[in-house]
Amino acid sequence: MHELSVCQAMLTQVTNLAREQRANTVHKIVLRVGPLAGVEPGLLLQAFPLASAGTLAETAELVIEELPLRVRCETCGAESVARPNRLVCGACGDWHTRLVSGDEMLLASVELET
């Protein structure tokens with residue numbers, strides 16, 4: 001499961017941030033994940049306790065906010081929500097769309113204790 005390596009990489013970032021801020025503990029980590037990010041939120045939650053063991057984030061809460069998939073239509077210009085297996089315009093139904101969001105995984109916030 002590559003979600004474990006994703007968690008480890010995220011925790012490296014969080015640990016570096018905590019050290020820069022002279023924090024003793026990480027209380028909460030908020031990730032924003034789109035449906036096309038290439039990771040499963042449920043598997044991230046399962047991998048987190050293994051990856052965080054022995055780190056400043058060992059007792060932290062991991063919160064995953066799922067982002068919507070949005071496309072912009074190249075025909076009518078509308079921006080709309082789409083489904084991962086159906087990237088069509090919500091306004092006119094055309095399939096000539098460009099992905100606006102939904103493929104990202106962002107470290108949104110980290111709650112630290114100094």
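Refer to the structure presented above.
Attention here is on the structure that accompanies the text.

Cut-off values and rules
Residue numbers restart at each chain and count upward from 1, following the sequence in its written direction. Per-residue local features of the predicted model are confined to residues with pLDDT of at least 70, and side-chain atom pairs are confined, for both listing and counting, to 80 or more; whole-chain, interface and lining totals are unaffected and use all residues. Heavy atoms throughout the structure, all of them, feed into the side-chain values; hydrogens and water do not. When a carboxyl oxygen of Asp or Glu is within 4 Å of a side-chain nitrogen of Lys or Arg, the pair counts as a salt bridge. With a 1.4 Å probe rolled over the protein chains alone, any residue whose accessible area is under 20% of its type maximum counts as buried; one over 50% counts as exposed, and the rest are partly exposed. Helix and strand definitions here come from DSSP, where helices need a minimum of 4 consecutive H or I residues and strands a minimum of 2 consecutive E residues; each element is numbered from the N-terminal end. Being paired, for any two strands, means DSSP has found at least two bridges between them. Interaxial angles span 0 to 180 degrees and are taken between N-to-C directions of axes, which are lines fitted to C-alpha atoms, for helices over the stretch in contact. The crossover handedness rule: strands pointing away from the viewer, path from first strand over the helix to second strand clockwise, crossover right-handed. Take the buried Ala, Val, Leu, Ile, Met, Phe, Trp, Tyr and Cys residues and link them wherever side-chain atoms come within 4.5 Å; each set so joined is a nonpolar core. Only heavy atoms enter the contact rule, under which two residues are in contact if any of them lie within 4.5 Å.

## Let's talk about the pattern of salt bridges
One pass over the full model with this rule turns up four salt bridges. Of the charged contacts in the structure, one is a salt bridge between Arg 72 and Glu 79, with a shortest N-O distance of 2.7 Å. Taking relative accessible area as the criterion, Arg 72 reaches 33% and is therefore assigned partly exposed. Among the ionic pairs, Glu 74 bridges to Arg 98, the shortest N-O distance being 3.5 Å. A residue pair is termed long-range when its members are at least 10 positions apart, and Glu 74 in the loop between strand E3 (70-73) and strand E4 (79-81) and Arg 98 in strand E5 (residues 97-101) qualify at 24 residues. By relative accessible area, which is 45% here, Arg 98 ends up partly exposed. Through salt bridges with shared partners, one network takes in Arg 70, Arg 72 and Glu 79.

## Quick word on the sheet that holds E4
Reading across from one edge, E4-E3-E5 is the order of the three strands in this open sheet, with antiparallel pairing throughout. At either margin of the open sheet sits one strand with a lone partner, and together these are E4 and E5. This sheet shows a mean twist of 35° between the axes of neighbouring strands, independent of strand direction. Strand direction decides the pairing type here: E3 and E5, joined by four bridges, are antiparallel. Across the sheet, residue Arg 70 finds its bridge partner in E5, namely Ser 101.

## Notes on the pairing of strand E1 (residues 25-33)
As defined by bridge partners, E1 adjoins strand E6 (residues 105-113) across eight bridges and the pair is classed as antiparallel. From the neighbouring strand, Leu 31 faces E6, where its bridge partner is Leu 107. Here E1 runs beside strand E2 (residues 61-66); their pairing, made up of six bridges, is parallel. Each residue of the ladder has a partner; that of Leu 31, found in E2, is Ile 64. Handedness of the E1-helix H2 (residues 41-52)-E2 crossover: right-handed.

## Some thoughts on the nonpolar core
With 20 residues, the main nonpolar core has Met 10, Ile 29, Leu 44 and Phe 48 as its most contacted residues. Within the residue set of this core, elements represented by two or more residues are helix H1 (3-20), E1, H2 and E2. Among the elements that take part in this core, H1 stands out by supplying six residues, more than any other. Among residues more than four places away in sequence, those in contact with Leu 44 are Glu 3, Val 6, Cys 7, Leu 31, Val 33, Val 39, Leu 62, Ile 64 and Met 105.

Read these as spatial facts, not as claims about activity.
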